[in-house]
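Overview (structure and organization)
Here is how the chains run, residue by residue.
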Amino acid sequence: EKEKTLYIPFILFILYLEVIDFLEKDQHFREKLHNTDMEDIKQGKLAKELDFVSHHVRTKLDELKRQEVSRLRTLIKAKQDIEGGNDIAVDHQALLKQFEYLNHMNPLTFEVEDLDRLIKSATKDLENYDKERHEEFKRYEMMKEHERREHLKTLDEEGRRKEEEHYEEMKKKHADHPKVNHPGSKDQLKEVWEEADGLDPEDFDPKTFFNLHDTNGDGLFDEQELEALFTKELEKIYDPTNEEDDMVEMEEERLRMREHVMNEVDSNKDRLVSLDEFLVATKKKEFLEPDSWETLEQNQAYTEEEMREFEGQLARQEKDLNLKAVDLQKQREDLERQQEQLNAQKIELQQAVEHMERLKTQKVPSPPEMHLEGNDVPESLGHDQPPVPPEHQPLPPGHQDILPEQQQHDVPQNQQNLGQEPRNIPQENQPLPPGHNSLPHDSPQMPLDHNNVP
């Protein structure tokens, strides 16, 4: 809604002026426009005259409408892209309905309904725009006064006395200015004629004055052209280099002057002043003998009751903000606690991982798997284990039943002498164990049952 409010007063008014500019090129419509008052325009009587304009003008209006519809669709697409809805189907027809000043069911041609909507929307929104400007200025003035009062509360008695004296002094300095002429009066316009145009005030001529200040030459004074006429009067009151002068107040004073002249001169209420309307106004008593003009310092923008209500709203807003601040602080503390817990868990996990790594590096590897043949003893066992006495060593298979005396008898003579070094006897010449000597040398080797050995 806020975007619409910002868009309408400017873009809509530009479109309105473009349409009116095209229509005024048609002689028939121009005569109707100048002879119709604003109430009839608002009721749609002027829009019906669109059916009688030339084909060339209608073609231009059709093109203008197509451009505006395209511009609105581009605006909607841009807003959709910003909001991240690229994959969402958009009902452009429904969204375009928020811009009520055109009939979007027919996007190709400019019809009577379009002109009727455009005129009504433009006049309505421009009137609301001025009201919103006044309300905004009132809030500005009340906030300025509220801040001044709050500042006084922070001072001691002597500080408040000095601040109040300074405040009153600034008010007096601001009010001490040359007389301000009544806006739109003969005195005011003659002053512009003399000081801005550099012409002799005795030669003042209303028609010549109008043509000089109709800057776009369309035969009308619009709101901007009227406001430019008040610059000399405003410079009497406001100087941007003075502490006591507020430039925001100057713009409000300009708006008040323009509205006053429009109310007195704009007879058909179309927010434009034609040459005829201007010349008629120069013959009125208000133009020749106006009342004095009361400036803003003589007309306070707000009442004390409005000020109390405003301060009450500020107090409620401050309370709401404080509650939100407390809530946000609690949320922040909760998030900080959660972060601390996560950090502690992270540290514990890191410590566990480091502990596992240390265990891996300290673990002794298992001995490699070894394949032994016969009575071979692994080298590591010979070094790492104490020797087993001969009498406790296991005997080979088939020798278990041999008595100690018999074992001693069967030991070869050359092995009994432990002091002598044993000779290297070839394997084939070594004596066989008892019971093996009867086997022929070339007989096949058969498995022996050692249990049957004598």
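Rules used in this analysis
- Residues numbered from 1 in each chain as written.
- Predicted model: local features only at pLDDT ≥ 70, side-chain atom pairs only at ≥ 80, totals over all residues.
- Heavy atoms only, no water.
- UniProt positions renumbered as here; feature names shortened; annotations may be inferred.
- Helix = DSSP H or I, 4+ residues; strand = E, 2+ residues; numbered from the N terminus.
- Buried < 20%, exposed > 50% of the residue type's maximum accessible area, 1.4 Å probe, protein only.
- Contact = heavy atoms within 4.5 Å.
- pLDDT = per-residue confidence, 0-100.
- Axes fitted to C-alpha atoms, helices over the stretch in contact; angles between N-to-C directions.
- Parallel < 35°, antiparallel > 145°, perpendicular 65-115°, else oblique.
- Left-handed = near helix turned anticlockwise from the far one by under 90°.
- Nonpolar A, V, L, I, M, F, W, Y, C, P; charged D, E, K, R; others polar.
- Patch = residues over 30% accessible without salt bridge, like charges linked within 9 Å, V, L, I, M, F, W, Y side chains within 5 Å.
- Areas by Shrake-Rupley, 256 points an atom, 1.4 Å probe, with all protein chains shown as cover.
- Salt bridge = Lys/Arg side-chain N within 4 Å of Asp/Glu carboxyl O.
- Lys, Arg positive; Asp, Glu negative; His and termini not counted.
- Charge placed at Lys NZ, Arg CZ, Asp CG, Glu CD.

Per an unreviewed UniProt entry, the chain goes by Nucleobindin 2a and derives from Cyprinus carpio carpio. Per UniProt, the chain has the following entry under Sequence similarities (unreviewed entry): "Belongs to the nucleobindin family."

This part is about the overall build of the chain. Helix and strand content of the chain: 18 helices and 2 strands. The proportion of buried residues among the 454 residues of the chain is 28%. Long-range contacts, defined as pairs at least 24 residues apart, comprise 66% of the intrachain contacts of the chain with a sequence gap of at least 6.

Here we take up the confidence of the model for the chain. Atom-level detail of predicted coordinates should not be read off regions where pLDDT is low. When the pLDDT values of the chain are averaged, the result is 75; 57% of them are 70 or greater. Counting interchain partners and residues more than four positions distant, the pLDDT-below-50 stretch residues 1–10 has 19 contacts.

What follows concerns the packing of helix H8 (residues 186–195) against helix H9 (residues 206–213). Across the interface, H8 lies against H9 with an axial gap of 11 Å and an inter-helix angle of 60°. As the angle between them shows, H8 and H9 are arranged oblique. The two elements H8 and H9 cross, and the hand of that crossing is left-handed. Each of Leu189, Val192 and Trp193 in H8 lies in contact with H9, whose residues at this interface are Thr208, Phe209, Leu212 and His213. The residue makeup of the contact of H8 with H9, split by class, is 5 nonpolar, 2 polar and no charged.

This chain's UniProt record puts "domain: EF-hand" (unreviewed entry) on residues 201–236 and 253–288. The span residues 201–236 is 56% helical and 6% strand by assignment, and the distance between its end C-alpha atoms comes to 19 Å. Across residues 253–288 one finds 67% helix and 6% strand; the C-alpha atoms that close the span lie 22 Å apart.

This paragraph deals with a negative patch on the surface. A grouping of Glu194, Glu195, Asp200, Glu202 and Asp203 is seen on the molecular surface, where their side chains present a negatively charged patch. As for its placement among the helices and strands, Asp200 is situated in the loop between H8 and H9.

Before going further, it helps to spend a moment on the side chain of Lys138. Along the chain, Lys138 falls in helix H6 (residues 112–153). Contact partners of Lys138, with chain neighbours within four places excluded, come to Ala301, Tyr302 and Glu306.

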